[in-house]
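Chain by chain, the residues:
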Amino acid sequence: MKHKLAYRLAVTYGLIFILAVAVIDTALIIVYRDNQLKKNESFYFDLSSMLSTMVKNNIRITNYINTSEENGDRNAGRVLLLDASGKVLLDSGGELSGVSMTNLEYRKALENGKPAAGYYTYGDKGMAMFSYPVSIEGKTSAVVMISVFIQDIYDDINRFAIQVIATSFAVAFAVVIVSVLMGKRLSEPIVRLTAAAGQIYKGKMDTIVEVARNDEIGRLAGAFNRMSSELLKVETGRKRFLSDVSHELKTPLASIKALVEPIISGAANEEESREYLQDIDHEIDRLSGLVGSLLTSARLEEVELKRQELILAEEVDYTVRVLAPLAAQKQIVLENACDRTIVIQADRSMFREVLINLLDNSIKYGIEGGFTRVECTRKAFKVIDNGCGIPEEDLPGIFDSFYRADKSRTGASGSGIGLFIVKRIIELHGFGISAVSQPGKGSEFTVTFYPDV
Ligand code: ADP
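The shown structure was predicted, so the numbers you read here are calculated from the model rather than taken from an experiment. (Residues numbered from 1 in each chain as written. Predicted model: local features only at pLDDT ≥ 70, side-chain atom pairs only at ≥ 80, totals over all residues. Heavy atoms only, no water.)

Along the backbone of the protein there are 10 helices and 12 strands. Computed over C-alpha atoms, the radius of gyration of the protein comes to 52 Å, more than 25% over the 22 Å expected from 2.2 N^0.38 for 453 residues, which places it beyond the range of a compact globule. Residue burial in the protein is summarised as follows: out of 453 residues, 39% are buried. Pairs at least 24 residues apart make up 63% of the contacts formed inside the protein by residues separated by at least 6 positions. A total of about 26400 Å² of accessible surface is found on the protein, and carbon and sulfur atoms cover 58% of it. Charge centroids of the protein, computed over 52 positive and 58 negative side chains, lie 6 Å from each other. (Helix = DSSP H or I, 4+ residues; strand = E, 2+ residues; numbered from the N terminus. Rg over C-alpha atoms; globule rule 2.2 N^0.38 Å. Buried < 20%, exposed > 50% of the residue type's maximum accessible area, 1.4 Å probe, protein only. Contact = heavy atoms within 4.5 Å. Areas by Shrake-Rupley, 256 points an atom, 1.4 Å probe, with all protein chains shown as cover. Lys, Arg positive; Asp, Glu negative; His and termini not counted. Charge placed at Lys NZ, Arg CZ, Asp CG, Glu CD.)

Judged by side-chain polarity, F173, I177 and L181 come together as a nonpolar surface patch covering roughly 330 Å² of accessible area. Mapping F173 onto the fold places it in helix α4 (residues 151–201). (Patch = residues over 30% accessible without salt bridge, like charges linked within 9 Å, V, L, I, M, F, W, Y side chains within 5 Å. Salt bridge = Lys/Arg side-chain N within 4 Å of Asp/Glu carboxyl O.)

Near the ligand lie 21 residues; those nearest to it are N361, Y365, D385, A405 and L419. In this structure, G416 approaches the ligand through a main-chain N or O atom, which is 3.0 Å from an oxygen atom. Within the complex, the protein chains bury 98% of what would otherwise be the 530 Å² of accessible surface of the ligand. It is helix α8 (residues 348–364) that contributes the most residues to the shell around the ligand, three residues altogether. (Near = heavy atom within 4 Å. Polar contact = N/O pair within 3.5 Å; in protein donor to acceptor, adjacent residues only side chain to side chain.)

Now for the pattern of salt bridges. Pairing of side chains with opposite charge becomes possible as their charged atoms draw close. Under the criterion given, the structure shown has 21 salt bridges. As a salt-bridge pair, E375 and R373 come within 3.0 Å of each other at their nearest N and O atoms. A network of salt bridges, in which partner residues are shared, links R78, D91 and E95.

A separate point is the pairing of strand β4 (residues 125–136). For β4, the tally of buried residues reaches nine of 12 residues, placing the bulk of the element in the interior. As paired elements, strand β3 (residues 116–122) and β4 share seven bridges and run antiparallel to each other. The partner of A116 across the bridge, within β4, is S131. As consecutive antiparallel partners, β3 and β4 are separated by two residues, and within that stretch G123 has a phi angle of approximately 65°, a positive value. By the bridge criterion, 10 bridges tie β4 to strand β5 (residues 139–149) in an arrangement that is antiparallel. (Pairing = 2+ DSSP bridges.)

Turning to a negative patch on the surface, a few remarks are in order. Taken together, the side chains of E271, E272, E275 and D279 make up a negatively charged region of the molecular surface. Secondary-structure assignment places E271 in helix α6 (residues 270–302).

What follows covers helix α7 (residues 312–329). Along its 18 residues, α7 runs 26 Å from first to last C-alpha, staying within 8% of the 26 Å computed at 1.5 Å per residue. Of all the positions in α7, only L312, A313, E315, V316, T319, V320, L323 and A327 are classed as buried. Among the structural elements, β6 (307–311), β7 (333–338), β8 (343–347), α8, β9 (371–376) and β10 (380–385) are those in contact with the buried residues of α7. Positioned one or two residues after α7, Q331 has a phi angle of 50°, which is positive. (Expected span 1.5 Å × (residues − 1).)

Turning our eyes to something else, we now look at unusual backbone geometry. The backbone of N58 shows a phi angle near 55°, a positive value even though the residue is not glycine. Inspection of the secondary structure puts N58 in the loop between α1 (4–56) and α2 (62–70). For N58, a relative accessible area of 69% puts it in the exposed group. At E137, a position not held by glycine, the phi torsion is positive, near 50°. Within the secondary structure, E137 is located in the loop between β4 and β5.

Among all positions of helix α10 (residues 418–428), only G418, L419, I421, V422, I425 and I426 are buried. Each buried residue of α10 sits inside an arc of 155° when the element is viewed along its axis, so together they form one side. Taken together, the buried residues of α10 touch α6, α8, β11 (432–438) and β12 (442–448). Positive phi appears at G430, one or two residues downstream of α10, with a value of about 80°. (Arc of directions from axis to C-beta.)

Looking at the protein as a whole, the pLDDT averages 88, with 94% of positions reaching at least 70. For residues 67–75, every residue scores under 50 in pLDDT, and the model assigns this stretch 10 contacts once sequence neighbours within four places are set aside. (pLDDT = per-residue confidence, 0-100.)

With that settled, consider the side chain of S443. Looking at the secondary structure, you find S443 in strand β12. On the basis of relative accessible area, S443 is assigned to the buried category, the value being 6%. Other than its neighbours up to four places away in sequence, S443 contacts V383, I384, D385, G389, I390, V436 and S437.

This part is about the packing of α1 against α4. One way to put it is that α1 packs onto α4 with a least axis distance of 8 Å and a crossing angle of 160°. Compared by their axis directions, α1 and α4 come out roughly antiparallel. Pair α1 / α4 crosses with right-handed handedness. Taken together, the residues that form the contact of α1 with α4 break down as 27 nonpolar, seven polar and four charged. (Axes fitted to C-alpha atoms, helices over the stretch in contact; angles between N-to-C directions. Parallel < 35°, antiparallel > 145°, perpendicular 65-115°, else oblique. Left-handed = near helix turned anticlockwise from the far one by under 90°. Nonpolar A, V, L, I, M, F, W, Y, C, P; charged D, E, K, R; others polar.)

This is the structure:
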């Protein structure tokens, strides 16, 4: 069942509603029944009280009693007057005069000196029996008894009960329908999210769920979409990275093979062979550089940062020392213009990797006799050079893996992984990196620290 949650909700709401309604209905019916019977009781108690007063005052009640008989409306009520021994003194029906009878209501009125009422079934009809004492000076000497059919009251109560129960059933049905619909509305995006998660599981990473809602489910869908687009990015990146790596490895291997073949076959003379071997050596250097960079970037996937306080200027000093021989080859001046008081929280070896990559690039892509200057403030540090610069169209891609700007322009060869590694390290630290450049004038790489240090 697709909307199990909806049906479960509907059943729960339905059951709660029916339970509540059953309690309310029962209370309503009982209250209505009591009211109707009380109303009837008080009418007949008034009547029997009046008859009792008449008896006390020696007023003959025969006339009244006979009236109902004359009308032939025996269902309307039968009036009896019984003495203290239970003998019937008067009977509106006539048949019981002189007969001795005691029933519960009679005894109650006689013993307690208070009116009493009892309910019976006569044939298949409801009947009520009322007794009222005739007390003279605190002593009950006779009892007025009225029996009356009250089936019409019972019928009325039953009609009321049926109406109440039918209405409740109709409302309960509506509640169940509404809760199924509401439940479906609630579970529908969850059903879609589940289906979308299944699609992602099957590898369809570009799955997006449209949920135009401003509640928790809407936010869940938003988070899901962000997650899936992130997954898509990672997946695309992974595929591209893999194909780039294969390509990068294939090219030098193919050229090594092409250089080795004439040496093996003897087609190349001694001088050519030496030249080819030098090229092979160069290719092997490139390959091992590439593999080294790949290892570094793979290590970054699982590395844990060991943050410590670093005096930025000292780290720049170290990098300048390491790269000085390389810079000297091109007579490039490496200048450390950092404020010595600036301290950052970073992983030393990783941060050195960043500095080495940035400064190495500034030398690699620098001009003979040029300069590279490192500046830093509390918010950021900059590596500035006056090298060949980066064309505007290449700038957005330089931090991607294997991205190299036009080689003929720079004259330098690299793997295109350096800045990719730099960006990854910077992101791991929660910092930011950006670059501005003017071709022919130089470049400026800025690392921004978050939060402010
Ligand atoms: P590579 O190994 O090719 O240097 P990087 O990822 O370090 O790879 O750099 C990517 C590209 O960005 C380089 O190929 C180069 O074109 C450009 N680049 C990086 N730093 C500089 C710089 N200081 N000056 C000019 N171009 C740069």
